[in-house]
Amino acid sequence: MLRAVGRARLRRYRQASVAARLAIGISVLVLLILATGLVSLSMGPVNIPADHVASIVLSTFGLDFVEFGRTEQLVVEQIRLPRIVVGASVGMALGIAGATMQGLFRNPMADPGIIGVSTGAAVGAVISIATGLAGLFFLALPSFAFMGAVAASFLVYGIAAVGGHFSMATLLLAGVAVNAFLGAIVSAIIIFLPDNEALREILFWLAGGLDSRAWDHVWISAPLILGGAAVILLMARDLNLLMLGDDEARSMGVQVGAARVILLSAAALVTGAAVAVSGTIAFVGLVTPHVLRLLLGPDHRVLIPMSAAGGAVFVIVADTVARTIIQPAEFRIGILTAFVGAPFFIFLLIRNKRQVHSL
C-alpha cells in the first residue's frame with residue numbers, strides 16, 4: 001500500500017516537473033520567436049519602425065495603434081510576413097524531425113537527412129527545374145521535392161525491413177547508400193544541363209533560401225508540418241520508451257514496429273514539407289535538438305515542442321542575417337547555417353569528449 005502511494009506521488013511529481021519545464025521553456029522561446037519576428041519584419045531594404053510593424057500586424061485584429069503607410073503595410077503583409085512564417089514552419093519541422101531521429105537512433109548526431117529525405121527532395125526539385133516544369137507551374141517545384149523526399153525515405157525504410165525483420169543498423173547503411181545514389185543523380189543532371197539559367201536556379205535551391213516565399217507556400221507546407229508534428233508529439237512517450245530498447249518498450253505496452261513506422265513516416269513528412277519550400281538547410285535538425293537536450297534532458301515530451309520552437313528561432317534569425325548582411329543581394333540561408341552550425345557542433349563534440357574522459 002505504501003509503495004503504491006509512493007509510486008503515485010513520484011508519478012505526479014514527474015508529471016508536474018515535465019509540465020513546469022515545458023511551460024517555462026515554451027514561454028521563453030515563444031517570446032524569442034515574437035522578438036526575432038518583430039526585428040526581422042522591420043529590417044530590410046525598406047526599414048520600417050518596430051512600432052509600425054506591430055501596428056500593421058495587430059491591425060488584422062482591429063488593434064492598430066500607430067499610423068502607418070500603405071507601402072509599409074504591403075511590404076510587411078505580402079513580402080516579409082509570409083517569408084517569416086515559412087521560415088518558422090521550416091525551423092519547427094527540422095527541429096522536430098531532428099529530435100525524433102536522434103531518439104529513434106539513440107544517437108545525438110542523427111538528423112533527418114539520415115533517411116534520405118533531404119537528398120530525395122533535392123532530386124525531385126532538380127528534375128522539376130531541369131525539365132522546365134518549375135517555370136510552367138508554380139507548385140511544381142515544391143510538389144516534386146515533397147514527393148522525392150517521401151519516396152526516398154520509404155525506399156530506405158523498405159530496404160531496412162526486407163525479409164520482415166527491421167534493423168536500425170541496416171536503415172543507417174541503406175540511408176548512406178541511397179543518399180550517395182541520389183546525390184549522384186543530382187550531380188549528373190547538373191553536369192549535363194545545358195541551360196545556365198536553370199543551373200543557377202538549381203544551385204540556389206540546393207543552397208537553401210526563403211526568398212520569394214509567399215502565402216501560397218505557407219498553405220502548402222504548414223498543414224503537413226503541423227499534422228506530422230502533432231503525430232510525433234502524441235507519440236512522445238512511446239519515443240521515450242523506444243530509447244530504452246525494443247524489449248523494454250514492448251514490456252511497457254508499446255507496439256514497437258508500428259510506433260517506429262509511424263514516427264519515421266511523420267519525421268519524413270514534416271522534413272519533406274519543409275525542404276520542399278526552403279531547399280536544403282543544414283544543421284537545424286542536428287544542432288537545435290542536441291543543444292536543447294543538454295539543457296533540458298532527454299524527455300521527448302519536453303524536447304519535441306522545445307525543438308520546434310528552438311528551430312523556428314534558429315531559422316528566423318539566420319534568414320534575417322542572410323537577407324541583410326550583403327544588401328541589396330541575399331546570402332543563402334543554407335550556407336549561413338552550415339557556417340554557423342558546423343563549428344558549433346564540432347565544439348559540442350569536443351566538449352562532450354573531454355567530459356567523458358574526465359569521468
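Residues numbered from 1 in each chain as written. Predicted model: local features only at pLDDT ≥ 70, side-chain atom pairs only at ≥ 80, totals over all residues. Heavy atoms only, no water.

Colleague: Quick one: what's the story with the overall build of the protein chain, residue by residue and with numbers?
Modeller: Across its full length, the protein chain carries 15 helices and zero strands. For the protein chain, whose C-alpha radius of gyration is 22 Å, the value lies close to the compact-globule estimate of 21 Å for 359 residues. In the protein chain, which comprises 359 residues, the proportion classed as buried is 47%. Within the protein chain, contacts between residues separated by at least 24 positions form 74% of all contacts whose residues are at least 6 apart in sequence. Of the accessible surface of the protein chain, which amounts to about 17,500 Å², a share of 69% is contributed by carbon and sulfur atoms. Across the protein chain, the mean location of the 23 positive side-chain charges is 18 Å away from that of the 18 negative side-chain charges. (Helix = DSSP H or I, 4+ residues; strand = E, 2+ residues; numbered from the N terminus. Rg over C-alpha atoms; globule rule 2.2 N^0.38 Å. Buried < 20%, exposed > 50% of the residue type's maximum accessible area, 1.4 Å probe, protein only. Contact = heavy atoms within 4.5 Å. Areas by Shrake-Rupley, 256 points an atom, 1.4 Å probe, with all protein chains shown as cover. Lys, Arg positive; Asp, Glu negative; His and termini not counted. Charge placed at Lys NZ, Arg CZ, Asp CG, Glu CD.)

Colleague: Can you lay out the packing of helix 4 (residues 117-130) against helix 7 (residues 168-192) for me, pointing to particular residues and giving the numbers?
Modeller: Two elements in contact, helix 4 and helix 7, have axes separated by 9 Å at closest approach and are oriented at 20 degrees. By the angle between their axes, helix 4 is roughly parallel relative to helix 7. Along this stretch, helix 4 crosses helix 7, giving a crossing that reads as left-handed. Contacts between helix 4 and helix 7 pair Thr119, Gly120, Ala122, Val123, Val126, Ile127 and Ala130 from the former with Asn179, Leu182, Gly183, Ile185, Val186 and Ile189 from the latter. Among the residues forming the contact of helix 4 with helix 7, the class breakdown is nine nonpolar, four polar and no charged. (Axes fitted to C-alpha atoms, helices over the stretch in contact; angles between N-to-C directions. Parallel < 35°, antiparallel > 145°, perpendicular 65-115°, else oblique. Left-handed = near helix turned anticlockwise from the far one by under 90°. Nonpolar A, V, L, I, M, F, W, Y, C, P; charged D, E, K, R; others polar.)

Colleague: Any chance you could break down the packing of aromatic side chains for me, citing the residues and the numbers?
Modeller: One pass over the structure, following the stated rule, counts two aromatic pairs. Geometrically, the ring pair formed by Trp215 and Trp219 is stacked, given 5.8 Å between the ring centres and 20 degrees between the ring planes. Placement of both Trp215 and Trp219 in helix 9 (residues 215-234) is noted, with a separation of four residues, approximately one turn of the helix. In this structure Trp219 comes out as exposed when scored by relative accessible area, which is 56%. (Phe/Tyr/Trp six-rings, centres within 6.5 Å; stacked < 30°, edge-to-face > 60°.)

Colleague: Would you mind going over a nonpolar patch on the surface in detail, with residue names and values included?
Modeller: Among the surface-exposed residues, Leu58, Phe61, Leu63 and Phe65 lie close enough to one another that they form a single nonpolar patch of about 430 Å² accessible area. When you line up the elements, Leu63 lands in the loop between helix 2 (50-59) and helix 3 (70-105). (Patch = residues over 30% accessible without salt bridge, like charges linked within 9 Å, V, L, I, M, F, W, Y side chains within 5 Å. Salt bridge = Lys/Arg side-chain N within 4 Å of Asp/Glu carboxyl O.)

Colleague: How would you summarise the confidence of the model for the protein chain if you had to cite specific residues and measurements?
Modeller: Interpretation of this model should avoid reading the predicted coordinates in detail wherever pLDDT is low. In this model, the protein chain carries a mean pLDDT of 84, and residues with pLDDT of at least 70 account for 92%. Note on residues 2-10: pLDDT is under 50 here. Beyond four places in sequence and across chains, it has zero contacts. (pLDDT = per-residue confidence, 0-100.)

Colleague: Kindly report on the side chain of Thr36, identifying the contributing residues and their values.
Modeller: Checked against the element boundaries, Thr36 lands in helix 1 (residues 2-42). A distance of 3.1 Å separates a polar side-chain atom of Thr36 from the backbone oxygen of Ile33. Setting aside anything within four residues of it in sequence, one finds Thr36 in contact with Val313, Ile316 and Val317. (Polar contact = N/O pair within 3.5 Å; in protein donor to acceptor, adjacent residues only side chain to side chain.)

Colleague: Tell me about the packing of helix 4 against helix 12 (residues 256-278), and please be specific about residues and values.
Modeller: Here helix 4 crosses helix 12 at 40 degrees, and the two axes come no closer than 9 Å. Taken together, helix 4 and helix 12 sit at an angle that is classed as oblique. You can see that helix 4 and helix 12 cross each other, and the crossing is right-handed. Two secondary-structure elements touch here, helix 4 through Val117, Ser118 and Ala121 and helix 12 through Ala268, Thr271, Gly272 and Val275.

Colleague: Break down the nonpolar core for me, citing the residues and quoting the values.
Modeller: Across soluble globular proteins, nonpolar side chains have a tendency to be buried as a group. Counting residues in each nonpolar core, the largest one holds 84 residues, and the members touching the most others are Met101, Leu104, Phe105, Ile115, Leu171, Trp205 and Leu264. Sort the elements by how many residues they give to this core and helix 12 lands first, with 13 residues. (Core = buried A, V, L, I, M, F, W, Y, C linked by side-chain atoms within 4.5 Å.)

Colleague: Give me the lowdown on helix 12, citing residues and values where you can.
Modeller: Taking 1.5 Å per residue as the helical rise, helix 12 with its 23 residues ought to reach 33 Å, and the 33 Å between its terminal C-alpha atoms agrees with that figure. When you tally the buried positions in helix 12, you get 17 out of 23 residues, the bulk of the element. Trailing helix 12 by a residue or two, Gly279 shows a phi angle of about 80 degrees, which is positive. (Expected span 1.5 Å × (residues − 1).)

Colleague: Describe the pattern of salt bridges, naming the residues involved and giving the relevant values.
Modeller: Considering all chains together, one arrives at eight salt bridges under this definition. With a closest N to O distance of 2.8 Å, Asp299 and Arg301 form a salt bridge. A salt bridge links Asp319 to Arg323, with the nearest nitrogen and oxygen atoms 3.9 Å apart. Taken together, the residues span about one helical turn, with Asp319 and Arg323 both in helix 14 (residues 300-324) at a distance of four residues. Salt bridges here are not isolated pairs; linked through shared partners, they connect Arg83, Asp319, Arg323 and Glu330.

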